[in-house]
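Summary of the model geometry
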Amino acid sequence: MFKYVREFWNTTEMIGLGLFLFLGLSLSVFYIRWPLLFIFLIGIIFFGIMEYVIHRFLFHGSLPEKIKFLQPVKDWHDHHHQHPNELKGILLPAWLTLPILLLLVLAAQLIMRDITFSIAFVTGVSGTLLYHQWRHFSAHRPIEPLTPIGKRLKVYHLQHHTINKKYWFGLTNPLMDLLLGTYRNPKKQAQKQSSRRMSRSRATVIK
């Protein structure tokens, strides 16, 4: 277990994210007030939505075909599906996450006009991003999660890889899949995929 924790933190992605989160938490400590906790929770919820939207519509959608500069992001994720255990595809890269976090700081400041609120919001987002990174990393490493929730989330994500990549986009939680119709019963879906493969095999033999 320890060697995987070391592998997880010994990366540019996690060092950068860890420093970003540490800075956000450090600044928040000096301005603690109850509204900040509420804004922090909004950041956590926002990440849950953002995680789903990016995974479904950017990584697996047609958006990069319309906005060409997004194509490298989709190519990176396609490579992850082809080589799911390669570390460079498991952790969201710093060249993607850090610009997004900085843009969120600017957007939050434009909307809320309060730097402490903006920091609290992005700290909530970056903290949940760190959790996302660990959940994804542990799903693709021979790690036995310590909690029942962790075990279920590991199985949940691997269904996306092994059964059908059109479903189960949530990684930290399944709520958006349930709300937007991309949750499927894994046993039934596995049976459907098996039937389709058999049908294709028969069609190939007939040809």
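In this text the structure is predicted, and so the values were computed from the model without any measurement.

Let's shift gears to the overall build of the chain. In terms of helices and strands, the chain carries eleven helices and zero strands. Secondary structure of the chain in N-to-C order comes out as α-α-α-α-α-α-α-α-α-α-α. Buried positions account for 42% of the 207 residues belonging to the chain. Partitioning the intrachain contacts of the chain with sequence separation of at least 6 by distance along the chain shows that 59% fall at a separation of at least 24. Entry remark: accessible area of the chain is about 12,600 Å², with carbon and sulfur atoms responsible for 68%. Mean positive and mean negative side-chain charge positions of the chain (25 and 10 charges, respectively) differ by 10 Å.

On to empty space enclosed by the protein, then. For the structure on display, the rule yields one cavity of 30 Å³ or more. As a volume, the largest cavity reaches approximately 250 Å³. Contributing to the lining of the largest cavity are 22 residues, with Glu-51, Ile-54, Phe-59, Leu-92 and His-132 lying nearest its centre. Only α3 (34-59), α5 (71-82), α6 (87-90), α7 (94-112) and α8 (115-139) provide two or more residues apiece to the lining of the largest cavity. In terms of residues, the lining of the largest cavity owes the most to one element, α3, which gives six residues. Across the lining of the largest cavity, the residue classes tally to 14 nonpolar, seven polar and one charged.

Our next topic: a nonpolar patch on the surface. Residues Ile-45, Ile-49, Val-53 and Phe-57 make up a contiguous nonpolar surface patch of about 350 Å² in total accessible area. Mapped onto the elements, Val-53 comes out in helix α3.

What follows deals with the pattern of salt bridges. Within the structure shown, the criterion is met by three salt bridges. Two residues, Glu-144 and Lys-151, come together in a salt bridge whose shortest N-O distance is 3.8 Å.

Both trends apply: most residues other than glycine have a negative phi, and most peptide bonds are in trans. The backbone of Arg-113 shows a phi angle near 55°, a positive value even though the residue is not glycine. With respect to the secondary-structure elements, Arg-113 resides in the loop between α7 and α8. Residue Arg-113 is classed as exposed on the basis of its relative accessible area, which comes to 66%. The phi dihedral of Trp-168 is positive, around 60°, even though this residue is not glycine. Here Trp-168 lies in the loop between α9 (148-162) and α10 (175-180).

Further remarks concern the side chain of Thr-123. Structurally, Thr-123 can be placed in helix α8. When sequence neighbours within four positions are dropped, the list of residues in contact with Thr-123 reads Leu-21, Gly-24, Leu-25, Ser-28 and Phe-40.

Now for the layout of surface pockets. The calculated volume of the largest pocket comes to roughly 240 Å³. A per-element tally of the lining of the largest pocket places α9 first, with six residues. Within the lining of the largest pocket, the residues separate by chemical class into eight nonpolar, one polar and one charged.

Residues with a pLDDT of 70 or more make up 91% of the chain, whose mean pLDDT is 88. For the chain, helix α11 (residues 186-206) is the element with the lowest average pLDDT, namely 65, and α10 is the one with the highest, namely 96.

Turning to the packing of α3 against α5, a few remarks are in order. Interhelical geometry of α3 versus α5 gives an angle of 95° and a closest axis separation of 10 Å. In terms of orientation, α3 and α5 fall into the roughly perpendicular class. Together, His-55, Leu-58 and Phe-59 of α3 and Val-73, Lys-74, Trp-76, His-77 and Asp-78 of α5 make up the contact between the two elements. Of the residues in the contact of α3 with α5, the class split is four nonpolar, two polar and two charged.

The end-to-end C-alpha separation of α3 is 37 Å, in line with the 38 Å expected for 26 residues at 1.5 Å each. Three or more residues of α3 are buried, namely Leu-36, Ile-39, Gly-43, Phe-47, Gly-48, Met-50, Glu-51, Tyr-52, His-55, Leu-58 and Phe-59.

What counts and what doesn't
- Residues numbered from 1 in each chain as written.
- Predicted model: local features only at pLDDT ≥ 70, side-chain atom pairs only at ≥ 80, totals over all residues.
- Heavy atoms only, no water.
- Helix = DSSP H or I, 4+ residues; strand = E, 2+ residues; numbered from the N terminus.
- Buried < 20%, exposed > 50% of the residue type's maximum accessible area, 1.4 Å probe, protein only.
- Contact = heavy atoms within 4.5 Å.
- Areas by Shrake-Rupley, 256 points an atom, 1.4 Å probe, with all protein chains shown as cover.
- Lys, Arg positive; Asp, Glu negative; His and termini not counted.
- Charge placed at Lys NZ, Arg CZ, Asp CG, Glu CD.
- 1 Å grid on protein atoms, 1.4 Å probe; cavity = no way out; pocket = protein on both sides within 12 Å on 5 of 7 lines; lining within 4 Å.
- Points joined across faces, edges and corners; volume = space filled by probe spheres on them.
- Nonpolar A, V, L, I, M, F, W, Y, C, P; charged D, E, K, R; others polar.
- Patch = residues over 30% accessible without salt bridge, like charges linked within 9 Å, V, L, I, M, F, W, Y side chains within 5 Å.
- Salt bridge = Lys/Arg side-chain N within 4 Å of Asp/Glu carboxyl O.
- pLDDT = per-residue confidence, 0-100.
- Axes fitted to C-alpha atoms, helices over the stretch in contact; angles between N-to-C directions.
- Parallel < 35°, antiparallel > 145°, perpendicular 65-115°, else oblique.
- Expected span 1.5 Å × (residues − 1).

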